[in-house]
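Given next are the chains, with one letter for each unit.
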Amino acid sequence: MKVNKLIIWTILAVWMGISACEEDERGPLTNDGVPPSPVTEVGVTNLPGGAKITYTVPSDQDALLVQVTYKLDNGKVVTSKSSIFKNHVVVEGLREIKEQVVELVTVDRSNNHSEPVNVTILPETAPIDKLYSSFELDEDFGGVRLKYNNEDQVSAELLLYAEDDSGNLIYQQSTFISDDQKTHQTFRGFPPLSKKFGVAAIDRWDNSTDIMEAVKTPLEEVLLNIENFRDVFLTGDESDAFGWSKSNLWNGSIDGSGFHTAQGQPGTVVPPYSEGYHIFTLDLGVLAKLSRFKFWQRQGSWVFTHGNPKHFDVWGIDVLPEDNGASLEGWTKMIENGEVVKPSGGPLGTNSAEDVAQAASGEEFEFPIEAPAVRYIRFVNLESWSTGKFMHFMEINFWGQIEE
């Protein structure tokens with residue numbers, strides 16, 4: 001038996017050695033040493049920070065892809081590839097507006113390269129510079145608001161700097177953008193004291209802008225005391241259900257019971273709405289110019305599903321009207337069609353770690369800086385994640401500047 005085992009292990013060792021050698025020698029499926037033909041009929045459409053280069057691909061049967069090689073302004077050499085089934089390749093990440101020569105080659109399945117075709121491009125203003133030119137810095141609650149236009153949807157990091165005691169601009173915080181869904185970013189965490197701020201941007205090719213400087217005085221922002229909140233029930237408001245009462249929204253906990261309205265109830269039509277929705281009203285206990293609010297979904301397996309709000313409106317007013325809420329006349333719509341966005345975009349009932357983390361940290365929404373001071377809030381649930389009108393969630397907080 002020992003001899004047989006020795007023979008078996010010897011055979012296995014030899015076989016593994018042969019396999020390893022074969023693995024080391026693997027390469028292209030074919031290796032004919034014949035370079036493919038180059039692309040022809042090249043055309044150029046100059047773009048912000050680069051160009052789109054079109055061409056006619058060669059008819060070689062083993063042609064695999066077309067690649068363009070160029071040098072960024074920082075000296076880094078970049079190669080961009082495009083399938084042979086496409087007729088174009090894109091050059092990106094360039095900064096200087098000057099004529100530049102890039103090199104196109106065809107690559108076949110044997111990794112043979114064609115003779116290069118040199119193409120001259122003239123990049124337009126880089127997206128990072130267009131983004132920077134749109135910067136406006138304004139005062140905001142607890143900090144400053146950076147307004148911008150990211151129509152080119154450049155992926156960039158926005159960096160905030162603030163003046164230290166010695167008058168030097170020091171990096172403080174940053175955020176990332178990659179689309180044109182937002183037109184501003186608020187940087188918070190600063191007292192209402194006048195100081196110099198700076199903002200800059202850097203893209204994924206490490207192109208960085210100058211720092212735009214401005215002296216601003218952040219507006220005072222405080223977290224409203226939930227102990228001052230009071231339940232108000234107006235005409236058109238929806239009653240609670242299952243023992244989950246509205247006052248649970250300001251008990252300081254996202255565990256246990258929250259607020260829940262009844263499933264199957266159509267809601268009451270409250271003008272200017274033409275159909276019924278589930279609505280609730282809240283007395284903040286103070287008159288305040290609100291900056292933002294946050295609410296927490298029902299946690300656990302309910303995250304991004306069932307009665308957690310998905311689309312909603314928020315209205316505010318300083319003094320309750322005489323009609324006791326039978327309409328929203330006199331109220332200010334402070335948030336229109338607010339939307340809770342699921343980070344993963346996954347289907348109902350399937351949540352990523354990022355989804356769960358966001359739900360645990362709360363869903364935050366800003367109020368327009370020009371909105372009036374209010375004391376009473378009406379929350380109109382337009383649609384829950386179940387597509388129904390009923391709602392449930394756990395806690396709600398408000399921030400702003402108290403005026404009384």
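Look a little higher up for the structure.
Overview of the structure. (Residues numbered from 1 in each chain as written. Predicted model: local features only at pLDDT ≥ 70, side-chain atom pairs only at ≥ 80, totals over all residues. Heavy atoms only, no water.)

**Notes on the overall build of the chain**
- The secondary structure content of the chain amounts to three helices and 23 strands.
- For 404 residues, the compact-globule estimate of 2.2 N^0.38 gives 22 Å, and the chain exceeds it by more than 25% at 30 Å.
- Oriented by its inertia axes, the alpha-carbon framework of the chain measures out at about 90 × 75 × 50 Å.
- Summarising the internal contacts of the chain: among those between residues at least 6 apart in sequence, 69% fall at separations of at least 24. (Helix = DSSP H or I, 4+ residues; strand = E, 2+ residues; numbered from the N terminus. Rg over C-alpha atoms; globule rule 2.2 N^0.38 Å. Contact = heavy atoms within 4.5 Å.)

**Overview of the layout of surface pockets**
- What the largest pocket holds in volume is close to 1300 Å³.
- Lining of the largest pocket is provided by 27 residues; of these, Lys182, Glu339, Val341, Glu364 and Phe365 occupy positions nearest its centre.
- Secondary structure elements with two or more residues in the lining of the largest pocket: strand 11 (169–177), strand 12 (184–188), strand 20 (332–339) and strand 21 (363–366).
- Among the elements that take part in the lining of the largest pocket, strand 20 stands out by supplying five residues, more than any other.
- For the lining of the largest pocket, the residue count by class is seven nonpolar, 11 polar and nine charged.
- What the second largest pocket holds in volume is close to 250 Å³.
- What lines the second largest pocket is a set of 19 residues, and nearest its centre among them are Pro48, Glu92, Pro127, Asp152 and Trp205.
- Elements represented by at least two residues in the lining of the second largest pocket include exactly strand 5 (88–91) and helix 2 (127–133). (1 Å grid on protein atoms, 1.4 Å probe; cavity = no way out; pocket = protein on both sides within 12 Å on 5 of 7 lines; lining within 4 Å. Points joined across faces, edges and corners; volume = space filled by probe spheres on them. Nonpolar A, V, L, I, M, F, W, Y, C, P; charged D, E, K, R; others polar.)

**Overview of the sheet that holds strand 1 (residues 40–47)**
- Spatial strand order, 1-2-5: three strands in an open sheet with antiparallel pairing. With partners counted over all chains shown, the strands left at the sheet margins are strand 1 and strand 5, one partner each. Taken over all neighbouring pairs, the strand axes of this sheet differ in orientation by 20° on average, direction set aside.
- As judged from the six bridges shared by strand 1 and strand 2 (residues 50–56), these two strands associate in the antiparallel manner. Looking at the pairing, Gly43 lines up with Thr54 of strand 2. (Pairing = 2+ DSSP bridges. Axes fitted to C-alpha atoms, helices over the stretch in contact; angles between N-to-C directions.)

**Focus on the environment of Ser174**
- Mapping Ser174 onto the fold places it in strand 11.
- Separated by 26 residues in sequence, Ser174 and Ala200 place their C-alpha atoms 9.5 Å apart.
- One polar contact links Ser174 to Tyr171, side chain to side chain, over a distance of 2.9 Å. (Polar contact = N/O pair within 3.5 Å; in protein donor to acceptor, adjacent residues only side chain to side chain.)

**A short note on the environment of Ala353**
- If you trace the backbone, Ala353 turns up in helix 3 (residues 353–361).
- Among the residues examined, Ala353 registers a relative accessible area of 68% and is labelled exposed.
- A C-alpha to C-alpha distance of 9.6 Å links Ala353 and Pro343, two positions 10 residues apart in sequence. (Buried < 20%, exposed > 50% of the residue type's maximum accessible area, 1.4 Å probe, protein only.)

**Considering the sheet that holds strand 14 (residues 212–216)**
- The strand order 11-10-13-14 describes an open sheet built from four strands, whose pairing is antiparallel. Of all strands in the sheet, those with a lone pairing partner are strand 11 and strand 14, marking the two edges. Across this sheet, the average inter-strand angle for adjacent strands is 25°, counted without regard to direction.
- In terms of strand pairing, strand 10 (residues 156–163) meets strand 13 (residues 195–203) through seven bridges, oriented antiparallel. By the bridge assignment for strand 13, Leu160 is matched with Val199.

**Overview of the side chain of Thr281**
- Along the polypeptide, Thr281 turns up in strand 18 (residues 278–297).
- A polar atom in the side chain of Thr281 sits 3.1 Å from the side chain of Arg378.
- Dropping the residues within four chain positions of it, Thr281 is found in contact with Asp231, Val232, Leu234, Asp237, Lys246, Trp331, Ile377 and Arg378.

**Things to note about the side chain of His392**
- Following the sequence through the fold, His392 ends up in strand 23 (residues 392–402).
- By relative accessible area, which is 0% here, His392 ends up buried.
- Polar contacts involving the side chain of His392 include one to the side chain of Asn308, which spans 3.4 Å.
- What His392 contacts, discounting residues up to four positions off in sequence, is Phe259, His260, Arg298, Trp302, Thr305, His306, Gly307, Asn308 and Pro309.

**Some remarks on the nonpolar core**
- Counting 32 residues, the largest nonpolar core has Leu282, Leu290, Phe293, Phe312 and Phe398 as the members making the most contacts within it.
- Put simply, the parts of the chain that give this core at least two residues each are strand 18, strand 19 (309–317), strand 20, strand 22 (374–384) and strand 23.
- Counting residues per element, this core draws most heavily on strand 18, at eight residues.
- Those residues in contact with Phe293 that sit more than four places away from it in its chain are Phe312, Val314, Ile335, Glu363, Glu364, Phe365, Phe367, Phe379, Ile396, Asn397, Phe398 and Trp399.
- In this structure, Phe135, Ala162, Ile177 and Ala214 belong to the second largest nonpolar core, which totals 21 residues. (Core = buried A, V, L, I, M, F, W, Y, C linked by side-chain atoms within 4.5 Å.)

**Let's talk about the packing of aromatic side chains**
- Taken as a whole and judged by the stated rule, the model has 24 aromatic pairs.
- Between Tyr161 and Tyr171, the aromatic rings sit 6.0 Å apart at their centres with planes inclined by 75°, giving edge-to-face as the arrangement. Of this pair, Tyr161 sits in strand 10 while Tyr171 sits in strand 11, and the two are 10 residues apart along the sequence.
- Assessed through its relative accessible area of 17%, Tyr161 is described here as buried.
- Taking 6.3 Å as the distance between ring centres and 10° as the angle between the ring planes, the aromatic pair formed by Phe295 and Phe365 counts as stacked. Here Phe365 lies in strand 21 and Phe295 lies in strand 18, a separation of 70 residues in the sequence.
- The class for Phe295 is buried, based on a relative accessible area of 0%.
- Assessed through its relative accessible area of 15%, Phe365 is described here as buried. (Phe/Tyr/Trp six-rings, centres within 6.5 Å; stacked < 30°, edge-to-face > 60°.)

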